[in-house]
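Each chain, written out:
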There are 2 protein chains.
Amino acid sequence: MDRQLETFFNPQGVAVIGASSNPAKLSYGVVHNLKEHGYPGPIYPVNPGAGEILRLKAYPSIAEVPDPIELAVIMVGAAQVAETLEACGRRGLKNVIVISGGFKEAGPDGAELERSLPTIAARYHMRLIGPNCVGVMDTHTPLDTTFITAMPVPGAIGFASHSGAVCGGTIDWAIDVGLGFSRIASLGNQVDVDLADGLRMLYADPHTRVISLYAEGLPDGRRFVEAAAEVYRQKPVVVLKAGRTSAGTRAVASHTGALAGAGRAYQAACHRAGVIVVNSLQEQNDVAAALALQPLPQGPRIVLLTNAGGPAALSADALDEFGMKMADLTPQTQDRLRAVTPRGALVGNPVDMLGGPQAEMYTKTLRVLLQDPGVDMILALFVPQAITPVDDVAAAIVLGAKDAPKPVAACLVGGHSIANAVRRLHAGGVPVYTDPNRAARALAGLWEYAQLRTRPDLTPTPVANVNREQARRLLAAAWEAKGRHFLDAETAAQVAAAYGIRVPRSGLAQTADQAVALAESFGYPVVVKLIAADVVHKADVGGIALNLGHADAMRAAFARMVGFHAGALSRPGSAAMVQQMAPAGQEVILGMQRDPQFGPLLMFGLGGLYVEVLRDVSFRLAPLNEHDAETLIAETAAGKILKGVRGQPPGDLAAVVDTLRRVGQLVSDFPCLAELDLNPLIVGPLGQGAWAVDARMAVDQPPR
Amino acid sequence: MDRQLETFFNPQGVAVIGASSNPAKLSYGVVHNLKEHGYPGPIYPVNPGAGEILRLKAYPSIAEVPDPIELAVIMVGAAQVAETLEACGRRGLKNVIVISGGFKEAGPDGAELERSLPTIAARYHMRLIGPNCVGVMDTHTPLDTTFITAMPVPGAIGFASHSGAVCGGTIDWAIDVGLGFSRIASLGNQVDVDLADGLRMLYADPHTRVISLYAEGLPDGRRFVEAAAEVYRQKPVVVLKAGRTSAGTRAVASHTGALAGAGRAYQAACHRAGVIVVNSLQEQNDVAAALALQPLPQGPRIVLLTNAGGPAALSADALDEFGMKMADLTPQTQDRLRAVTPRGALVGNPVDMLGGPQAEMYTKTLRVLLQDPGVDMILALFVPQAITPVDDVAAAIVLGAKDAPKPVAACLVGGHSIANAVRRLHAGGVPVYTDPNRAARALAGLWEYAQLRTRPDLTPTPVANVNREQARRLLAAAWEAKGRHFLDAETAAQVAAAYGIRVPRSGLAQTADQAVALAESFGYPVVVKLIAADVVHKADVGGIALNLGHADAMRAAFARMVGFHAGALSRPGSAAMVQQMAPAGQEVILGMQRDPQFGPLLMFGLGGLYVEVLRDVSFRLAPLNEHDAETLIAETAAGKILKGVRGQPPGDLAAVVDTLRRVGQLVSDFPCLAELDLNPLIVGPLGQGAWAVDARMAVDQPPR
């Protein structure tokens, strides 16, 4: 861990530059919070006009602040921030938080002001959080550099957020429900410390068990993916990203482009990163709470304990959607349950204690259920009724769950009457939800993480036997000839072949005689395709003839094609491509689209004419290792068909894995490839390979 | 409206039988609530031992209670309920609520006690709510027959619930957030008044704008569908059903059975019923609140008004998933916004007023946005920050939304600090959510309902030209011969043909000569299929030969088939079926599975070998009219392919619609048909029809 980043949360001395003595000002609030929320080190208000703020001596400038001083919080006008930062650098500070707003978020003038900040910070080897943020909290130090009125209780959730407002809302809610946090960092405009750093700061913190991140865009997405991939096996990373739908959409001409809509690259990135994806603020806190407070389950089998059937059924519905299983209780467990539940209680799963169980029954049943070897986790539901005090039930659940080696969560349905019980459960280490579906999502998150941390390694491995130089030459020549364009089919096939992707042998012909000669050199059967710059989807316009078995068939097809497209072959760049015919097999598509944040994105799925109608596709970041390629294939219907369905012979899956890896390597080696479609890739029977019979590739820059 | 049901909410006089004078008892609570929550009529505690309860005269029995008396609330032990009900009947009561538990929910003994209740009620022409419920509330009468400690403020949401506990939780929450309800009815075990009645009671209530229902099973699902379909155009119906996954799953042998998993029938039923489906308690209340408080939008175009970019982006993401559109603001609107928002505010969509707008800016911007003709609805988001008091923002939003002809909702992020603002917004008629995704779901619900209430009629229409008698004869003969079984292919084809479903002509042959004779009578090409009781999926085992063009091919295929299945044709019931070959076309599947709650369920989608892998299927209740059949087809990839994709000729969609309607009619006319698969149904080009080349049907009872 970077010791310098750690100083943000454990500084020896904090200066607040721009501190006001006016309690209505936010900068007064920061001094107040540092002092009142228990920061143990010296606090130095800096304000040229004030003698004392909150009975702390104020200094006219940062230069005059004495040692020890390790962190400055800057709250001056945007126009003064640069010079203040310089002053901090000269004073020897290495950690600065700029709370002041009025930068990029406020328009072009602010963006101009912002530009100098990272340069100044770098010059003095300072790390800078902000600008336009609310600062950081560490509940264990304790340290609170924000102006937010209260601090959550100490806990195990570390939260880093692009948005200060979201920090404020989260803190407000956390205090309400008594949920503990370890560190909270508002990162603002992230001119220096970004979300990947935020992740590392939370990873390094021994009090943080869960890393919870809120992002509004991930400009350097790959850096974030790599940072998360390094830590996710040690600590769970829960990520919420706003703005999936506003992601830049550019005009696309390929199938992959059409299918790789908003969110697909982000999904693939999260898969590679090993993070738990959540889609709302509520879901983020719900999942983080479960991960912070409870151990991980050994499996997906859950038992529901309830005093009302309906809410348990709602949980069961939601758990099923998340892929969880209802545990089967042993007869011994059921016998033991009968002894500790009311008469008439149902001792299957859900365990339904009916309307008014005594509170202590929750403790007893939890203890029984925890001992059943078929139970991996427990959700205790309670709907307050007139008879049983909800606070007593909360206490009973806490007692029953105490030191349990399996996760236990609670669900209470209601409003004001459960508020105190919610806080009591959180204080006792039991995550609690006010809706059965929310509880289900949170528990599913525990199992999701248990699986993530033990999944096979996804680190990409290089592919041997690729002719990079050959591909580079082809791409360079294409770029020089035409600049940004879709390569002609022959060149695309040659590029693919250079990377060991199996393509049918082929050649170009201008006349029927040339076509026949080529076909005879490859051996029949062959395919003939019209190559013309203005014809993109050849099958739509009669420009393909398949399975030609002899010279006469070839001549007839040739004549027909020329007839359909009068003059086609006389235009420059046009020709007929004669090609070996691939074996019969399943048509799949393998494509690549380059994402501005996450780089090359591979697509795999059912191919052929209906690819955009069937939409049977799944995505991964490129490059990828064999395991990742296998799971990509297995996620699709195409993958299931290739394994052999209903008596059909299986396809050559190993060849598909190999082709995916080669394409992944190709597009990673050559950022100049903007889009790529192999459609169809024909997958022959076992041992007969995967044939890229139609390769489309676009270049948009010269190869490196 | 049934005047007798209305009496539950507006009775002249209420007796509480089993009322206790002990404040710790629930029956004391009922008397207390009737009195303290303002019921204006006479209240009669009935208790043989008590002289007075809460200063109300107590009567020793219901017989002695004077007029006026229209409703009895029974809270005696389960064993005494039947005789108490008799006594109510003798006293001339027509409306009774049985709160007492200990019936079906408590096991077999309770179920036995419950059995007599509907009989007694019917004998005295009484309507009975319960047993095992918490009674009813009407906030406008006002009337509160429950023991729940508080009553929500008067409002427009009517809620009927299977579960009393869920009523309690909902009420607790409603009071917390200040959301008004009109009527709340806890229906319990529903021995008489069921959820369809509950729906009608809420529909009839002039104070109820939204019908919100919570179900734990819908035993008579069709009755519920019909009740909802009658009312949904006048009042929105929001339905949450617990226990989708625990729905009885029985062994199935057909594709349709395998694909019509839990929840599909319920989905199809909700589509027919015109209800808005929600999946959690929270979502139910969120959607109901929007429908209760706001007008319906004219379109899906929404504008977001915010003081923080992130939460707005989260809303936008969720709105996009719900099919909503971000509104484009006119230049005039943008100019007007600049005049009423802080310097630097972004006046696109979202309208971002940045960190600390003045509260009244919410009023001004709302007024500007409401006038933009491109805006259909508005979501105002506010994340509390130190500067702007959240209560003032709430007041400003209420003022800006007042009397608006377009829906306005609010989203406040936080916990305790927003609690008062939430109540203020609800009191001012603005639905408010504490998570951007929840707000998005609720607003999407408004547009969903606006579309539902104006959608084309889905009432099934009968199909002409079916030979019902012929089908009945075939099914009766099949049942008599073999009881519960899958019909042989020939019989299934004849049943289909009787209903005007196009099937290739066919006949059975035991020898190659017979097969050739049949083929010559139909004309080549033909198909030959092995028919054997022990072979279900013929294609898996080489039991089909296609496209036989002449007698030699037929003889060769026949010999091969007999070779694969040595002795196959000598077993009883086995034969070779020779069949006309359908035209080339798209293979689709059309199936039916009978759901225990909702009856016959039709399935349509991509057919052929991979139907269970592709899972491109959608469902409807049978029978169905043309419009409903068309939308069913359009929901699938198969439907898109049939419309003509990428230069392919369109298929005969009208023939598919016709076949769907004929199958729907067939399975509705004959409940003895338990399962049906037409796979594939081959859809020829326009005008060439849809051919059911392989029909499978199971009977499980004699035809009526």
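Please read all numbers here as calculations on a predicted model, not as lab measurements. (Residues numbered from 1 in each chain as written. Chains lettered and ligands numbered in written order. Predicted model: local features only at pLDDT ≥ 70, side-chain atom pairs only at ≥ 80, totals over all residues.)

## Some points on the overall build of chain A
Point 1. Within chain A one finds 24 helices and 31 strands.
Point 2. Expressed along its principal axes, the backbone C-alpha trace of chain A runs to roughly 95 × 75 × 35 Å.
Point 3. For chain A, with 704 residues in total, the buried portion stands at 58%.
Point 4. Here the analysis covers contacts within chain A between residues at least 6 apart in sequence; of these, 73% occur between residues at least 24 apart. (Helix = DSSP H or I, 4+ residues; strand = E, 2+ residues; numbered from the N terminus. Buried ≥ 20, exposed ≤ 12 C-beta atoms within 10 Å, placed from the backbone. Contact = placed C-beta atoms within 7 Å.)

## Brief notes about the relation of the copies chain A and chain B
Point 1. Mapping chain A onto chain B calls for a screw motion: a turn of 180° about the axis and a shift of 0.1 Å along it, with 0.1 Å RMSD after fitting. Both copies are brought into coincidence by an operation consistent with a two-fold rotation axis. If distances are taken from each C-alpha of chain A to the rotation axis, the shortest is found for A:Leu614, at 4.2 Å.
Point 2. Comparing interface residues between copies, 98% of those in chain A also lie at the interface in chain B; the contact surface is shared. (Least-squares fit on C-alpha atoms with pLDDT ≥ 70 in both.)

## Here we look at the environment of B:Pro431
Point 1. Of note, B:Pro431 is situated in the loop between helix 15 (419-427) and strand 20 (432-433).
Point 2. B:Pro431 has contacts with B:Ala289, B:Ala290, B:Leu293, B:Gln294, B:Ala409 and B:Ala442, leaving out every residue within four places of it along the chain.

## Observations concerning the confidence of the model for chain A
All names here are of chain A.
Point 1. Overall, the prediction assigns chain A a mean pLDDT of 92, with 94% of residues at 70 or greater.
Point 2. In the model, residues 246-252 has pLDDT below 50 throughout and makes eight contacts with residues more than four positions away in sequence or in other chains.
Point 3. Taken together, the chains of this predicted complex give a pTM of 0.90 and an interface ipTM of 0.88. (pLDDT = per-residue confidence, 0-100.)

## Digging into the sheet that holds strand 8 (residues 136-138) of chain B
All names here are of chain B.
Point 1. In space, the seven strands of this open sheet follow the order 9-8-11-10-12-13-14, with mixed pairing throughout. Each of the sheet's edge strands pairs with one partner strand only, and the pair in question is strand 9 (143-144) and strand 14 (276-278).
Point 2. Both strand 10 (residues 154-161) and strand 11 (residues 181-186) contribute to a ladder of six bridges, which runs parallel. Looking at the pairing, Ala160 lines up with Ala185 of strand 11. (Pairing = 2+ DSSP bridges.)

## Looking at helix 6 (residues 195-204) of chain B
All names here are of chain B.
Point 1. In terms of burial, helix 6 is largely enclosed, as eight of its 10 residues are buried.
Point 2. For helix 6, every residue scored as buried is listed here: Leu195, Ala196, Asp197, Gly198, Leu199, Arg200, Met201 and Leu202.
Point 3. Residues of helix 6 that are buried in the fold lie against helix 1 (3-6), strand 10, strand 11, strand 12 (210-215), helix 7 (221-231) and strand 13 (237-241).

## Brief notes about the sheet that holds strand 22 (residues 506-509) of chain A
For sheets, the rule is that strands pair by backbone hydrogen bonds, running either parallel or antiparallel.
Residues and elements named next belong to chain A.
Point 1. The four strands are arranged 22-25-23-24 in an open sheet whose pairing can be described as antiparallel. Of all the strands in the sheet, just strand 22 and strand 24 (544-548) have a single pairing partner and so form its edges. On average, each strand axis in the sheet is tilted by 20° relative to the strand beside it, whichever way the strands run.
Point 2. Across the sheet, helix 18 (residues 489-498) is in contact with strand 22, strand 23 (526-531) and strand 25 (575-580); its angle to strand 22 comes to roughly 165°. (Axes fitted to C-alpha atoms, helices over the stretch in contact; angles between N-to-C directions.)

## Remarks on the environment of A:Ala396
Residues and elements named next belong to chain A.
Point 1. Tracing the sequence through the fold places Ala396 in helix 14 (residues 390-401).
Point 2. With 236 residues separating them along the chain, Ala396 and Ala160 place their C-alpha atoms 34 Å apart.
Point 3. Those residues within four positions of Ala396 in sequence are excluded, and the remaining contacts are Ala359, Glu360, Tyr362 and Thr363.

## Points about the interface of chain A and chain B
Point 1. Counting from both sides, the interface comprises 65 residues of chain A and, opposite them, 66 residues of chain B.
Point 2. The set of elements that each furnish at least two residues to the side of chain A that touches chain B consists of helix 2 (26-36), helix 5 (164-177), helix 10 (281-293), helix 11 (309-321), helix 16 (436-453), helix 21 (611-614) and helix 23 (637-642) of chain A.
Point 3. Take the side of chain A that touches chain B: its biggest share by element is nine residues, from helix 5 of chain A.
Point 4. Split by residue class, the side of chain A that touches chain B holds 28 nonpolar, 26 polar and 11 charged. (Nonpolar A, V, L, I, M, F, W, Y, C, P; charged D, E, K, R; others polar.)

## Concerning the nonpolar core
The nonpolar side chains of soluble globular proteins are, as a tendency, buried together.
Point 1. Of all hydrophobic cores here, the largest spans 508 residues; its most connected members are A:Val73, A:Ile397, A:Leu443, A:Val528, B:Val73 and B:Ile397.
Point 2. If sequence neighbours within four positions are ignored, A:Val528 has contacts with A:Ala515, A:Ala545, A:Leu548, A:Met554, A:Ala557, A:Phe558, A:Met561, A:Ala576, A:Met577 and A:Val578. (Core = buried A, V, L, I, M, F, W, Y, C linked by C-beta atoms within 7 Å.)

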